[in-house]
Amino acid sequence: QVRLVESGGGLAQPGGSLRLSCAASGFIYNLYIMGWYRQAPGGQRELVATATSSGSVNYSDSAKGRFTISRDNVKNIVYLQMDSLKPEDTSVYYCNARRGLSAVHWGQGTQVTVSS
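Source: prediction; values computed, not measured.

Of the regular secondary structure elements, the protein holds 0 helices and 11 strands. Secondary structure elements of the protein, listed N to C terminal, follow the sequence β-β-β-β-β-β-β-β-β-β-β. Compactness check: the protein gives a C-alpha radius of gyration of 13 Å against a globular reference of 13 Å for 116 residues, within 12% of the reference. Along the three orthogonal principal directions, the C-alpha set of the protein runs to about 40 × 25 × 25 Å. Burial status across the protein gives 41% buried among its 116 residues. On the protein, roughly 6100 Å² of surface is accessible, and the fraction owed to carbon and sulfur atoms is 49%. Once the 11 positive and 7 negative side-chain charges of the protein are each reduced to a mean point, those two points are 7 Å apart.

Bringing the environment of S25 into the picture now. Tracing the chain through its elements places S25 in strand 3 (residues 18–25). Put simply, S25 and P41 are 16 residues apart on the chain and 29 Å apart in space, counted from C-alpha to C-alpha. Residues in contact with S25, not counting those within four places in the same chain, are Q1, V2 and R3.

Let us now look at the state of the cysteines. Cysteine pairs can be linked by a disulfide, which is a covalent bond between their two sulfur atoms. Under the definition given, this model contains 1 disulfide. Between the sulfur atoms of C22 and its disulfide partner C95 the distance amounts to 2.1 Å. Torsion about the S-S bond of the C22 and C95 cystine: about -80 degrees, corresponding to left-handed handedness. A residue pair is termed long-range when its members are at least 10 positions apart, and C22 in strand 3 and C95 in strand 9 (residues 91–99) qualify at 73 residues. Taking the relative accessible area as the measure of exposure, C22 reaches 0% and is therefore buried.

Assignment of secondary structure puts S91 in strand 9. Sequence separation between S91 and R38 is 53 residues; the distance between their C-alpha atoms is 5.8 Å. Apart from the residues within four sequence positions on either side, S91 is in contact with R38, Q39, A40, T110, Q111 and V112.

Turning to the sheet that holds strand 8 (residues 77–82), a few remarks are in order. Taken together, the 4 strands give an open sheet; going across it, the order is 1-3-8-7, and neighbouring strands pair in antiparallel fashion. For this open sheet the edge positions go to strand 1 (3–7) and strand 7 (67–72), each flanked by a neighbour on one side alone. Averaged over all neighbouring strand pairs, the angle between strand axes comes to 15 degrees, with direction disregarded. Bridge count for strand 3 against strand 8 is 6 bridges, and the pairing is antiparallel. Note on strand 8: the bridge partner recorded for L20 is L80.

Reading the values: the criteria
- Residues numbered from 1 in each chain as written.
- Predicted model: local features only at pLDDT ≥ 70, side-chain atom pairs only at ≥ 80, totals over all residues.
- Heavy atoms only, no water.
- Helix = DSSP H or I, 4+ residues; strand = E, 2+ residues; numbered from the N terminus.
- Rg over C-alpha atoms; globule rule 2.2 N^0.38 Å.
- Buried < 20%, exposed > 50% of the residue type's maximum accessible area, 1.4 Å probe, protein only.
- Areas by Shrake-Rupley, 256 points an atom, 1.4 Å probe, with all protein chains shown as cover.
- Lys, Arg positive; Asp, Glu negative; His and termini not counted.
- Charge placed at Lys NZ, Arg CZ, Asp CG, Glu CD.
- Contact = heavy atoms within 4.5 Å.
- Disulfide = S-S within 2.5 Å.
- Pairing = 2+ DSSP bridges.
- Axes fitted to C-alpha atoms, helices over the stretch in contact; angles between N-to-C directions.

Given below as structure tokens:
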């Protein structure tokens, strides 16, 4: 079955860094756009970044210049390197796999807290 398992969340200080990982299995990874979304308490889930298997990437305005998405198309892992973290980055971060409109999968989420 489809599995997306996130890891790497935790507590970071403002200005610090974290790297999230998402291990994917149960589907043809290279056919899917992989992405990261986040949802803060009381807020809506929002796009952070996406990456295709051919290397095209897309970032939200808040992530540009600070976050880097990358994917290992052999190990079926997608990463999100987060630098220069801000308190407003505090959210649950979700891994997403999407192919068209009907094939969409989500991980269970990993908490990221940015606080001094």
